[in-house]
Amino acid sequence: MYRILICEDEASIRTFLKINFERNGFLVYETDTGEEAVRIASLEKPDVAILDVMLPGIDGFEALRQIREAFPRMGIIMLTARAQDTDKILGLKEGADDYLIKPFNPTELILRTQALLRRLNEKTEDTTRAVVKTFCFELDNYSQTITKADHPIVLTPKEFLLMKIFMENPGKAFTRDDLLNLVWGYDFTGDPKIVDVNVRRLRSKIEDVSSDPKYIETIWGTGYRWKKE
Ligand code: CA
């Protein structure tokens, strides 16, 4: 699952983009300031950062500069208004991988993001994500298998997906809605308690003592989080 950071101070655009990216299977981090975008980029190392140019505090150009300096290979797409200075827009071609002029169609942004990810993967032949290890667990994305201390764990496809989301994002809090959307999709119309039911079943398979979970932490009233090692 690719992870994407959206930095846009207009809440309606940001939410609209978040929903569209999630529908296309991305895990989304969102923020409305450049400072926070730099912080999330360093902390979470998303595959692609989408930065609006006009922001309160440090602007998108400065956020681009700081992120690029620390992470030369992170994909960065800039969002800019038509009225902005043409020289600066041309300058984006140097630091950013791509840019879009507002207003744009979200589908175009998603297609460009996917194209950028293909280019980045060709460049780096990314095998780092093939196997994810945390604590005594090992998740193999090629064979879609998980082991605990070298013993295979038998999971349903939904349980595997839940486990993959948790293990690839240690320490990140997921609400029940997040998990529902990521695992079951936006068009799911059943009982949202299905998240709790699946987490409970997953715990019985992966925890040492399922009544006293060590790996999948409960965030009371909100959701769940994979413990950071
Ligand atoms: Ca803006």
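Residues numbered from 1 in each chain as written. Predicted model: local features only at pLDDT ≥ 70, side-chain atom pairs only at ≥ 80, totals over all residues. Heavy atoms only, no water.

Trainee: Sorry, what's going on with the nonpolar core here?
Mentor: Side chains that are nonpolar tend, in soluble globular proteins, to be buried together. Counting 47 residues, the largest nonpolar core has Leu51, Phe137, Met163, Phe166, Ile206 and Trp226 as its most contacted members. No other element matches the six residues that helix α6 (residues 157-168) contributes to this core. Structurally, this core is a two-domain feature, drawing no fewer than three residues from each of domain 1 (3-120) and domain 2 (127-226). Ile6, Phe21, Phe26 and Ile77 belong to the second largest nonpolar core, which has 17 residues in total. (Core = buried A, V, L, I, M, F, W, Y, C linked by side-chain atoms within 4.5 Å. Buried < 20%, exposed > 50% of the residue type's maximum accessible area, 1.4 Å probe, protein only. Helix = DSSP H or I, 4+ residues; strand = E, 2+ residues; numbered from the N terminus. Domains from an automatic or database assignment.)

Trainee: Please explain the coordination of the calcium ion as it appears in this structure.
Mentor: For a metal with four donors in a tetrahedral arrangement, the ideal angle between donors is 109.5 degrees, while six donors in an octahedron ideally sit at 90 or 180 degrees. Surrounding the calcium ion are the protein donor atoms Asp9 (OD), Asp52 (OD) and Met54 (O), at 2.1 to 2.3 Å. Sequence spacing among the residues donating to the calcium ion works out to D-x42-D-x1-M. Placement of the pair is Asp9 in the loop between β1 (3-7) and α1 (11-23) and Asp52 in strand β3 (residues 48-52), with a sequence separation of 43 residues. For Asp52, a relative accessible area of 3% corresponds to the buried category. (Donors = N, O, S within 2.8 Å, 3.2 Å for Na, K, Ca; no water.)

Trainee: Any chance you could explain helix α7 (residues 176-184) here in plain terms?
Mentor: Think of an α-helix as 3.6 residues a turn; residues three or four steps apart then line up on the same face. Along α7, the residues classified as buried are Leu179, Leu180, Asn181, Leu182, Val183 and Trp184. Against the buried residues of α7 lie α1, β2 (27-31), α6, β10 (173-175), α8 (194-206) and β12 (223-226). Among the residues trailing α7, Gly185 stands out with phi positive, at a value near 90 degrees. (Contact = heavy atoms within 4.5 Å.)

Trainee: I keep staring at the pattern of salt bridges and nothing clicks. Help me out?
Mentor: Between side chains of opposite charge, a pair can form when the charged atoms approach closely. On inspection of all chains with the given rule, the structure shows 20 salt bridges. Asp208 is paired through a salt bridge with Lys214; the nearest N and O atoms lie 2.9 Å apart. Residue Asp208 is classed as partly exposed on the basis of its relative accessible area of 44%. A relative accessible area of 45% means that Lys214 is categorised as partly exposed. Linked through salt bridges whose partners overlap, the residues forming this network are Glu8, Glu10, Asp52 and Lys102. (Salt bridge = Lys/Arg side-chain N within 4 Å of Asp/Glu carboxyl O.)

Trainee: I tried to follow the sheet that holds β10 on my own but got confused; where do I start?
Mentor: In a beta sheet, neighbouring strands pair by backbone hydrogen bonds and run either parallel or antiparallel. Strand order in the open sheet formed by three strands is β10-β12-β11, with antiparallel pairing between adjacent strands. A single partner strand is all that each edge strand has here, and the edge strands are β10 and β11 (216-219). The average undirected angle you get between the axes of adjacent strands in this sheet is 30 degrees. As paired strands, β10 and β12 are joined by three bridges and run antiparallel to one another. If you follow Thr175 over to β12, its bridge partner there is Gly223. Packed onto the sheet, α6 meets β10, β11 and β12 and runs at close to 60 degrees relative to β12. Of the strands in this sheet, β10 and β12 are in contact with α7, which crosses β10 at around 80 degrees. (Pairing = 2+ DSSP bridges. Axes fitted to C-alpha atoms, helices over the stretch in contact; angles between N-to-C directions.)

Read these as spatial facts, not as claims about activity.
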